[in-house]
Amino acid sequence: MQFYRQWQPVKAMTFDLDDTLYDNRPIIRQVERQMVEWLHQQHPVSATQPLSWWYDLKRSLAEQDSWLPNDVTLWRYKQIEQGLLQLGYQEQQAQQAANEAIDRVLELRSNFTVPQESHRVLAELADQIPLVAITNGNVDVQKIGLSDYFSLVLKAGPDGYAKPHRELFDKAQQFLKLPAQQILHVGDHLVSDVLGAKRSGMKACWFNDQATNLLQSEKAQVLPDVEVNRLSDLLLLREM
C-alpha cells in the first residue's frame, strides 16, 4: 500500500467492478468467442464478413452516435442490428436477431465465479460502511453474487455517462448523502476510476494488481490518494 496524498478517514466506498473485484479479461475474451460462434450458427450470413468488418462497423457507429460508447449493451445491439441490415436482413428480422443476441451476451457475460477474497473483503466492509458499485460494464451484479454488498449499483448507459465523466460519481454521492471527500472510490483504471473520482471530488484508490509503475504509465493523469495491490488492504484503510 502506498499513499500519494495525506490520508483522512472515509465514511463510504464506491467500487468499480470489472478487473477490480474479478479478472474481467478472460471473461470478455470468452464471451466474444462464444458470441461469434452463436451469431455464425444462428445467422450464417454474419459469417460472410470477417471480424474486422464487424469491428469497423462498431467504430463507425460510435462516430455517428457519440452516446453509444457510454452504453456497451446498446452499442453491441446496434452493431448486430446494423450489420445484419447491411447483409440483407429486413428491419424486423435484424431487430429480433439483435435482441436475441443481447440476451445471449448478457447470459454469458455474468456466467463466472467471483473470487472468494472479493466476497470476504466486501462482506467485512459492508458491515461497517455503505458501499456503492459504479461500472461502465453490463455485468449482472445479482447473478455473480455481489448484490448483497452494495446499497446501490450504477451502470453507465442506463444511469448516465460512462466514467470518467462525473455523472455516476455525483449520483453515488447524492445517494450516500456525504461530502465527496469522505467517499473513497476503488478501481483499477487510471482514467475511468482515478481521474473520474478525483474530478468529482472523491478520494481515489488505485487497485494495481498488474505490477504497473504509476509514474511510468501513460494513462496516469492525476495521482490517486492511495495505491493498493490487494483488496484486503482496504480493510486496513478503513481502520485508519
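Residues numbered from 1 in each chain as written. Predicted model: local features only at pLDDT ≥ 70, side-chain atom pairs only at ≥ 80, totals over all residues. Heavy atoms only, no water.

You'll find the protein chain entered in an unreviewed UniProt entry as 2-haloalkanoic acid dehalogenase, with Vibrio brasiliensis LMG 20546 given as the organism. The annotation that UniProt attaches to the protein chain under Cofactor (unreviewed entry) is "Mg(2+)". (UniProt positions renumbered as here; feature names shortened; annotations may be inferred.)

Chemist: Quick rundown of the side chain of Asp 193? Include the residues and the values.
Modeler: Within the secondary structure layout, Asp 193 lies in helix H7 (residues 190-199). Polar side-chain contacts of Asp 193 include one of 2.8 Å to the side chain of Lys 163. Those residues in contact with Asp 193 that lie beyond four places of it in its chain are Asp 16, Lys 163, Phe 169, His 185, Gly 187 and Asp 188. (Helix = DSSP H or I, 4+ residues; strand = E, 2+ residues; numbered from the N terminus. Polar contact = N/O pair within 3.5 Å; in protein donor to acceptor, adjacent residues only side chain to side chain. Contact = heavy atoms within 4.5 Å.)

Chemist: Can you explain the packing of helix H1 (residues 25-42) against helix H4 (residues 91-109)? Please cite residues and give values.
Modeler: Each packed pair of helices is defined by two parameters, the angle between the axes and the distance between the axes. Packing of H1 against H4 leaves a shortest axis separation of 10 Å and a crossing angle of 145 degrees. The two elements H1 and H4 meet at a crossing, and its hand is right-handed. Along the contact surface, H1 presents Ile 27, Ile 28, Val 31, Gln 34, Met 35 and Trp 38, while H4 presents Ala 97, Glu 100, Ala 101, Arg 104, Val 105, Leu 108 and Arg 109. Across the contact of H1 with H4, the residue classes break down as nine nonpolar, one polar and three charged. (Axes fitted to C-alpha atoms, helices over the stretch in contact; angles between N-to-C directions. Left-handed = near helix turned anticlockwise from the far one by under 90°. Nonpolar A, V, L, I, M, F, W, Y, C, P; charged D, E, K, R; others polar.)

Chemist: Give a detailed account of the environment of Gly 88, specifying residues and quantitative values.
Modeler: Looking at the secondary structure, you find Gly 88 in the loop between helix H3 (72-86) and H4. On the basis of relative accessibility, which here comes to 51%, the residue Gly 88 falls in the exposed class. On a C-alpha basis, the gap between Gly 88 and Gly 157 in space is 29 Å, while along the polypeptide they are 69 residues apart. (Buried < 20%, exposed > 50% of the residue type's maximum accessible area, 1.4 Å probe, protein only.)

Chemist: Which residues make up the layout of surface pockets, and what values go with them?
Modeler: Counted as a void, the largest pocket has a volume near 960 Å³. Along the walls of the largest pocket sit 36 residues, with Ile 28, Glu 32, Lys 58, Val 72 and Arg 76 positioned nearest its centre. Listing elements by their share of the lining of the largest pocket, those giving two or more residues are H1, helix H2 (51-64), H3, H4 and H7. A total of nine residues in the lining of the largest pocket trace back to one element, the largest contributor, which is H1. Taken together, the residues of the lining of the largest pocket break down into 14 nonpolar, ten polar and twelve charged. Split by domain, the lining of the largest pocket shows at least three residues from each of two domains, domain 1 (2-22 + 113-236) and domain 2 (26-109). Around the second largest pocket, the lining is made up of 13 residues, and of these Asp 188, Trp 206, Gln 210, Thr 212 and Lys 219 lie nearest the centre. Its residues assigned to classes, the lining of the second largest pocket comprises three nonpolar, five polar and five charged. (1 Å grid on protein atoms, 1.4 Å probe; cavity = no way out; pocket = protein on both sides within 12 Å on 5 of 7 lines; lining within 4 Å. Points joined across faces, edges and corners; volume = space filled by probe spheres on them. Domains from an automatic or database assignment.)

Chemist: Provide a residue-level description of the sheet that holds strand S4 (residues 152-155), including the pertinent values.
Modeler: Through backbone hydrogen bonds, the strands of a sheet pair up, either in parallel or in antiparallel fashion. Taken in spatial order, the seven strands make up an open sheet running S1-S7-S6-S5-S2-S3-S4, and their pairing is mixed. The open sheet has two edge strands with one neighbour each: strand S1 (2-3) and S4. The sheet contacts of helix H6 (residues 167-176) involve strand S2 (12-15), strand S3 (131-135), S4 and strand S5 (183-187), and relative to S3 the element is tilted by about 165 degrees. (Pairing = 2+ DSSP bridges.)

Chemist: Which residues make up the environment of Ile 144, and what values go with them?
Modeler: Looking at the secondary structure, you find Ile 144 in the loop between S3 and S4. Given the relative accessible area of 5%, Ile 144 is considered buried. When the C-alpha positions of Ile 144 and Gln 173 are compared, they lie 25 Å apart, and in sequence the two are 29 residues distant.

Chemist: Residues and numbers for the packing of aromatic side chains, please.
Modeler: All chains considered together, the criterion is met by five aromatic pairs. Seen in terms of ring centroids, Trp 67 and Tyr 161 are 5.1 Å apart; in terms of plane orientation they differ by 80 degrees. Their pairing is edge-to-face. Here Tyr 161 lies in the loop between S4 and H6 and Trp 67 lies in the loop between H2 and H3, a separation of 94 residues in the sequence. Overall, Trp 67 belongs to the partly exposed group, its relative accessible area being 27%. Tyr 161 sits in the partly exposed class, given a relative accessible area of 40%. Over the ring of Trp 75 we find Lys 58, and its NZ or CZ is 4.7 Å from the ring centre. Above the ring of Trp 7, the side-chain terminus of Lys 203 is found at 6.0 Å from the ring centroid. (Phe/Tyr/Trp six-rings, centres within 6.5 Å; stacked < 30°, edge-to-face > 60°. Lys NZ or Arg CZ within 6 Å of the ring centre and 35° of its normal.)

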